[in-house]
Structure formats: structure tokens, C-alpha cells
Amino acid sequence: MSPETAPETAPDEAVDPCASSAFLVNESLGYLFPAALRVAAVVGVADHLAHGPRTPAELAEATGTDPRNLYRVLRLLATRGVFEEDTGGRFRLTAAGDALRTDAPCSARSAVLMNTDRSMWLPTADLSRCVSEGTSAFEHLFGLPFFDYFGQDEDTADVFHSGMAAMSDAENGPIAAACDLPPSGTVVDVGGGHGGLLLAVLDRHPALHGVLYDQPHVLAGHRLDTPGTAGRWATETGDFFTAVPKGDVLVLKRILHDWEDEQCVTLLDRCRAALAPGGRILVVDAVVPPGNAPHQAKALDLLLMACLVGRERTEAEFATLFESAGLKLARVVPTPTVLSVVEAVAA
């Protein structure tokens, strides 16, 4: 069996044992798809297909690329449904690939560029170091911890924060709908980036006030200044391991998974101290399910291993963190996204 005909799922035990070899070889080539996807995002192929199919030569002229090599990239992406080649050799943009357009609703382009940036890509090639030494590969490669490096490299930081905002755009609405929020009071988005989730919350709850809390260079790109939120929000800067603004509800979206347990407990302790009486902490993170079924959190967990010091956690692991910080797990609310809302209250 050749790699071209290798099965996409693990072979059954009754299958020819050589099928295992073909399956594993095919799996080892999987990194080439995101590499090709990055090429398409960088040169803007999807933007040039927005008004209809074009040949590789036409696309190459529009993007300033080599037509033969661009065709090879497009051909691979067509096998995964991002583009589709017709019998005349023209490529069209599919519904699945539409979000690669820069101006698409919920465009994924910035997220693709972030996930395939060398700051993410290179450490994953050194996962064996993480396993053998129990450390992140990022600092070994770049000389600084993940967030320290971004703090001194403006271009890479922009890629990261734009990418995180793009990832969030598709999930903020459903997450805001899943959050059980009071009719009035203050919601603090701790480490809230550009404020996409807080904006979705304020849009849904016109009597709430919001505080976006993050580092100054991050808050410079916030998106809260809209007519519908006028007078209902503020930004605050600081170190969330030191103090957190007071509020009725504190939200931590994709924050705890960046950090080790000890750091998470410190942060949660600061949040508990900032809670109004009867308040709640909403941890918005992936909750790793048991069993062998695929789940995006199981893949992202390896990215965290390579680049940071944190990890994705199970429900039981969240409960343990909360208990160590004087909190207790109230409930886990699934959302239509890969993330859940893990509610904590004072113990």
C-alpha cells in the first residue's frame, strides 16, 4: 500500500500488518497541510478567489508567486476541501475555505497565521525535549519565556493577539450566551485581550458594566469603543498575579491553560479576593473529556506543552485548582464551541 492510498483512520487488528506502516507514514506527513494552509493565508489566495474561480497562473500573477509551485500547494489544500479544482484546471473557494478570506465574517486568516507562525511551529518540532526534560521548548529556542518574548517582539506579539482575536470572534457569541450573568453589576474580563468576549457580553446585557483588564500594549488594540457600549466599560492595566479589579463576575477565558497549577492557584486567589459577595468566577477553557475520542483540547495541550508551562485540564483538575484557592466548582456549562464555562464560587 502506497502513502497515497494509506488509510485515514487506524487500521483494524485483522488488517494486513503492513497497513499499520502505511497509516503511520501517512500520519507523519500531516504537518504539510498546515504548512500549505499558511502559504495560502500569507499570499492571500482566498481573497483573489472571492469573485470566482481562477487558474493557478492567474492566481500567481495576482499574488506575485510562482505558478507551478502555487499549483502544488493548491492541489494539496483541495484534498482537504479548502479549495476545489475543476476539470478546466481552475480553483474555486469552497464554503469550508471561505473564512480564509481577510474580509470574511469570522475570518480565520489571522488565526491560521498565528497557529503556523514560527513561534508556535518551531517548538512543536522539539516536543521530545518537553517529554524528556519536563520543560517548555520555547525558551530553549527563543531565549525567553513565551509571554516575555512577545513583550519585546512587537511584530510577533501582533500576530499572536490578532490571531487570538480571530479565534475568539467565532466563539464569543455562543460563549456569552452560555454565561449565566446577573442583570446588573460589573463583569471583569481578566486577561481579556482586545475585549471581544466582553463586548459580546455587554451587547447581550445592556445593564451590565464591564472592565477589560490586561497589559498596556494589549489594551491598545481593544475593540470596546462602540455606540452600544458607550459609558459602560473601562480598561485597567496590571499584573493579574498581583491584583485583579473588583467585580460581581470575573471571567478568565483561555487564561488558566497557559500556566502551571501553582500560578493558577495564585491567580484564582487574587480573583477570589476581588469578588463581590455572592460573586462568581467563570473560567472559560477547554475541559478535556475522558476516553479515546478526538477533541481539539488534546491537540492544543501539546502546543501548550511546547510553548508554555500550562496545560488543558479535566473537570477533576479544575476542581482541585479551585479547592486550593479557597473556591469550589459549582458547575460546568458546555458551549457549542470547544470551550466550556467552568463556574467557581467561594468555598
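Residues numbered from 1 in each chain as written. Predicted model: local features only at pLDDT ≥ 70, side-chain atom pairs only at ≥ 80, totals over all residues. Heavy atoms only, no water.

(A) Examining the overall build of the protein more closely. Looking only at helices and strands, the protein has 17 helices and nine strands in total. Taking 2.2 N^0.38 as the reference for a compact globule, 347 residues should give roughly 20 Å; the C-alpha atoms of the protein span a radius of gyration of 22 Å, in line with that estimate. Summarising its shape, the C-alpha atoms of the protein cover approximately 65 × 50 × 40 Å along the three principal directions. Counting only contacts in the protein whose residues sit at least 6 apart along the sequence, the fraction spanning at least 24 positions is 59%. When the accessible surface of the protein is summed, it comes to about 17200 Å², and 54% of that surface belongs to carbon and sulfur atoms. Positive and negative side-chain charges in the protein, numbering 26 and 46 respectively, have mean positions lying 3 Å apart. (Helix = DSSP H or I, 4+ residues; strand = E, 2+ residues; numbered from the N terminus. Rg over C-alpha atoms; globule rule 2.2 N^0.38 Å. Contact = heavy atoms within 4.5 Å. Areas by Shrake-Rupley, 256 points an atom, 1.4 Å probe, with all protein chains shown as cover. Lys, Arg positive; Asp, Glu negative; His and termini not counted. Charge placed at Lys NZ, Arg CZ, Asp CG, Glu CD.)

(B) Structural view of the packing of helix α4 (residues 56–63) against helix α5 (residues 67–78). Running from N to C, α4 and α5 point in directions that differ by 110°, and their axes come no closer than 9 Å. Taken together, the axes of α4 and α5 lie roughly perpendicular to each other. In this structure, α4 meets α5 at a crossing whose hand is right-handed. Mapping the contact onto sequence places P56, A57, L59, A60 and T63 in α4 and P67, L70, Y71 and L74 in α5. (Axes fitted to C-alpha atoms, helices over the stretch in contact; angles between N-to-C directions. Parallel < 35°, antiparallel > 145°, perpendicular 65-115°, else oblique. Left-handed = near helix turned anticlockwise from the far one by under 90°.)

(C) Summary view of helix α15 (residues 261–274). Along its 14 residues, α15 runs 20 Å from first to last C-alpha, staying within 8% of the 20 Å computed at 1.5 Å per residue. Inspection of α15 places C264, L267, L268, C271 and A274 among the buried residues, and these make up the whole buried set. Down the axis of α15, the smallest arc covering the buried residues is 115°, so these residues share one side. When the buried face of α15 is taken as reference, the exposed residues oriented beyond 90 degrees from it are E262 and A273. Lining the buried residues of α15 we find β3 (185–190), β6 (247–253), β7 (275–285), α17 (315–324) and β8 (327–334). (Expected span 1.5 Å × (residues − 1). Buried < 20%, exposed > 50% of the residue type's maximum accessible area, 1.4 Å probe, protein only. Arc of directions from axis to C-beta.)

(D) Quick peek at the environment of L93. The topology assignment puts L93 in strand β2 (residues 91–93). Residue L93 is classed as buried on the basis of its relative accessible area of 14%. As a C-alpha pair, L93 and P53 span 40 residues in sequence and 7.2 Å in three-dimensional space. Residues within four places of L93 in sequence aside, it is in contact with A46, L49, V82, F83, D98 and R101.

(E) Fine view of the confidence of the model for the protein. Predicted confidence across the protein gives a mean pLDDT of 94, with 96% of residues reaching 70 or more. The low-confidence segment residues 1–5, where pLDDT is below 50, has five contacts with residues more than four positions distant or belonging to other chains. (pLDDT = per-residue confidence, 0-100.)

(F) Here's a closer look at the pattern of salt bridges. Counting across every chain of the model gives 17 salt bridges. E317 is paired through a salt bridge with R311; the nearest N and O atoms lie 4.0 Å apart. Note on R311: relative accessible area 30%, which makes it partly exposed. When salt bridges that share partners are traced, they join D180, R280, R331 and E343 into one network. (Salt bridge = Lys/Arg side-chain N within 4 Å of Asp/Glu carboxyl O.)

(G) Looking closely at the sheet that holds strand β4 (residues 208–214). Within the open sheet, the seven strands sit side by side as β5-β4-β3-β6-β7-β9-β8. Their pairing is mixed. Single-partner strands in this sheet number two, and they are β5 (233–237) and β8. Recorded for the sheet is a direction-independent mean angle of 20° between the axes of neighbouring strands. As paired strands, β4 and β5 are joined by five bridges and run parallel to one another. (Pairing = 2+ DSSP bridges.)

(H) Layout of the nonpolar core. In terms of nonpolar packing, the biggest core is built from 28 residues, with L267 and I281 touching the most fellow members. Only β3, β4, β6, α15, β7, α17 and β9 (340–346) provide two or more residues apiece to this core. A total of five residues in this core trace back to one element, the largest contributor, which is α15. Apart from the residues lying within four places of it in its own chain, the contact partners of I281 are L250, L252, L268, C271, R272, L275, L327, V342, E343 and A344. In this structure, V201, L212, V249 and L339 belong to the second largest nonpolar core, which totals 25 residues. (Core = buried A, V, L, I, M, F, W, Y, C linked by side-chain atoms within 4.5 Å.)

(I) Here's a closer look at α4. Taken residue by residue, α4 has P56, L59, A60 and T63 as its buried positions. Buried positions in α4, seen along its axis, are confined to an arc of 100° and lie on one side of it. Once α4 ends, the next one or two residues include G64, with phi positive near 70°.

(J) Expanded view of a nonpolar patch on the surface. Together, V25, L29, Y31, L32 and L76 make up a nonpolar patch on the protein surface, roughly 410 Å² of accessible area in all. Tracing the backbone shows L76 in helix α5. For L76, a relative accessible area of 32% puts it in the partly exposed group. (Patch = residues over 30% accessible without salt bridge, like charges linked within 9 Å, V, L, I, M, F, W, Y side chains within 5 Å.)

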